[in-house]
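Each chain, letter by letter, is given below.
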Amino acid sequence: MNTPVTFAVPMPGLEAAHDFTLRSVDGAAGLFALESMSPVPVRLFLADAAVFVPDYAPAVPARVREDLELDQGETPQLLVVVNHSPEATTVNLMAPVLLNPGTGRCVQLVLDGRDYPLRAELKSA
């Protein structure tokens, strides 16, 4: 899969990045590379929350549903940013990326409060 995506609102810290592509990582079901070549190369790894953190289900505000252009009853694909270090692989549950697969529109939702950690360690199954 190689899907062009557009952020309805720029991602925090990546306001100048444009023209993203979401690419499946070969041999790793549910893992994607989010890439942009403008104005400088950017690559983030995203994981499908349904695969890697299946109990994760943050509320999606109505304004975000509108930004994603979701029809009544449609649900966005929920992706989490993956961070790898020698100590552990973590995912950011405080700021998921929501995708409307039908339109390619995305939003990074920054959640309020302390319900979800910035670095949740991924455990082996």
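As shown above, the structure is provided for reference.
Residues numbered from 1 in each chain as written. Predicted model: local features only at pLDDT ≥ 70, side-chain atom pairs only at ≥ 80, totals over all residues. Heavy atoms only, no water.

A.B. asks: Just checking my understanding: could you explain the overall build of the protein chain for this structure?
C.D. replies: When you go through the protein chain residue by residue, the secondary structure sums to two helices and eight strands. If you list the helices and strands of the protein chain from N to C, you get β-β-β-β-α-α-β-β-β-β. Its C-alpha radius of gyration of 14 Å places the protein chain within 12% of the 14 Å reference for a compact globule of 125 residues. Its C-alpha atoms give the protein chain principal-axis dimensions of about 35 × 30 × 25 Å. Split into buried and exposed, the 125 residues of the protein chain put 38% on the buried side. Across the protein chain, contacts joining residues at least 24 apart in sequence account for 45% of those joining residues at least 6 apart. Total accessible area on the protein chain stands at roughly 7500 Å², and carbon and sulfur atoms take up 53% of it. Counting 8 positive and 15 negative side-chain charges, the protein chain places the averaged centre of each group 5 Å from the other. (Helix = DSSP H or I, 4+ residues; strand = E, 2+ residues; numbered from the N terminus. Rg over C-alpha atoms; globule rule 2.2 N^0.38 Å. Buried < 20%, exposed > 50% of the residue type's maximum accessible area, 1.4 Å probe, protein only. Contact = heavy atoms within 4.5 Å. Areas by Shrake-Rupley, 256 points an atom, 1.4 Å probe, with all protein chains shown as cover. Lys, Arg positive; Asp, Glu negative; His and termini not counted. Charge placed at Lys NZ, Arg CZ, Asp CG, Glu CD.)

A.B. asks: How should I be thinking about the pairing of strand β4 (residues 42–48) in this particular structure?
C.D. replies: Working note: regular strand, side chains alternate between the two faces of the sheet. In this structure, strand β3 (residues 31–38) lies alongside β4, joined through six bridges in antiparallel fashion. Bridge pairing in β4 links L31 to A47. Connecting β3 to the antiparallel partner β4 that follows it, the hairpin turn spans three residues. Bridge count between β4 and strand β5 (residues 77–84): four bridges; the pairing is antiparallel. Paired with L46 across the bridge in β5 is V81. (Pairing = 2+ DSSP bridges.)

A.B. asks: What is the right way to look at the nonpolar core in this model?
C.D. replies: Soluble globular proteins: nonpolar side chains tend toward being buried together. Within the largest apolar cluster, 17 residues are counted, with the highest numbers of intra-cluster contacts made by Y56, V80, V91 and L93. If we ignore the near neighbours within four places in the chain, the residues touching V80 are F45, L46, A47, A49, Y56, V91, N92 and L93. Membership of the second largest hydrophobic core comes to 14 residues, among which are V5, A17, F20 and L79. (Core = buried A, V, L, I, M, F, W, Y, C linked by side-chain atoms within 4.5 Å.)

A.B. asks: I'm lost on the pattern of salt bridges in this one. Help?
C.D. replies: Charged atoms that come close allow side chains of opposite charge to pair. Applying the stated criterion across every chain, the model contains three salt bridges. The shortest N-O distance in the salt bridge between R105 and E69 comes to 3.7 Å. Of this pair, R105 sits in strand β7 (residues 105–108) while E69 sits in the loop between α2 (62–67) and β5; the two residues are 36 residues apart in sequence, bridging distant segments of the chain. R105 gets classed as partly exposed once you look at its relative accessible area, which sits at 22%. Judged by its relative accessible area of 47%, E69 falls in the partly exposed class. (Salt bridge = Lys/Arg side-chain N within 4 Å of Asp/Glu carboxyl O.)

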